[in-house]
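# Structural overview
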Amino acid sequence: MRSIKAFLAGVTGLFIIITIFSLLIPSRVQISRGVMIDASGMAVYQQIALFENWKKWHPIFTVGGAGLYPDAPGIAGTNQKCRIVHHGKEIIIQLVSADSNSVKFFYSRKVPITLIMI
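These lines cover the structure that appears in this document, whether it is placed above or below. Here the structure is a predicted model, which is why all the values come from computation and not from measurement. (Residues numbered from 1 in each chain as written. Predicted model: local features only at pLDDT ≥ 70, side-chain atom pairs only at ≥ 80, totals over all residues. Heavy atoms only, no water.)

### Points about the nonpolar core
In terms of nonpolar packing, the biggest core is built from 13 residues, with F51, W54, F61, L68, C82, I84 and I93 touching the most fellow members. Broken down by secondary-structure element, the contributors of at least two residues to this core are α2 (41–49), α4 (59–62), β2 (81–86) and β3 (89–98). Per-element tally for this core: the top contributor is β3, with three residues. Apart from residues lying up to four places away in sequence, L68 is in contact with F51, E52, K55, F61, C82, R83 and I84. (Core = buried A, V, L, I, M, F, W, Y, C linked by side-chain atoms within 4.5 Å. Buried < 20%, exposed > 50% of the residue type's maximum accessible area, 1.4 Å probe, protein only. Helix = DSSP H or I, 4+ residues; strand = E, 2+ residues; numbered from the N terminus. Contact = heavy atoms within 4.5 Å.)

Given below as structure tokens:
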């Protein structure tokens, strides 16, 4: 009987520890990266705001051979989107906001869904 109580107490304690630990893990992860560039804000904005210019400097295009498909070619501004297809994976990038001091993008990736029929 003592060993059963000890076992149940151990299982209950382990359950509580795992529950508390899982509540401390964030449900949403945000990654931020800053880069210092030795150029004027307007020069950087012109290279970043138009997705067609990315083919000149971004490694995924210069080395990887990815395809770039902007929704509205040649239009720079907020909510502009483009699709990047690289090795069969699709990435969607949306220009959220831009000014002479900062540029913010929203990045999402479409994961192909595989259905298995039995």
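### Structural notes on the pattern of salt bridges
Under the criterion given, the structure shown has one salt bridge. Two residues, E90 and R83, come together in a salt bridge whose shortest N-O distance is 3.4 Å. E90 gets classed as buried once you look at its relative accessible area, which sits at 18%. (Salt bridge = Lys/Arg side-chain N within 4 Å of Asp/Glu carboxyl O.)

### Comments concerning the pairing of β2
In the case of a regular strand, side chains alternate between the two sheet surfaces. Burial along β2 is one-sided: C82, I84 and H86 are buried, while K81, R83 and V85, pointing the other way, are not. Sheet topology places strand β1 (residues 67–70) next to β2; four bridges connect them, and they run antiparallel. Note on β2: the bridge partner recorded for Y69 is R83. Where β2 lies against β3, six bridges are found, and the strand directions are antiparallel. Looking across to β3, one finds that V85 is bridged to E90. Following β2, the chain reverses through two residues before pairing antiparallel with β3; H87 in that reversal takes a positive phi of roughly 55°. (Pairing = 2+ DSSP bridges.)

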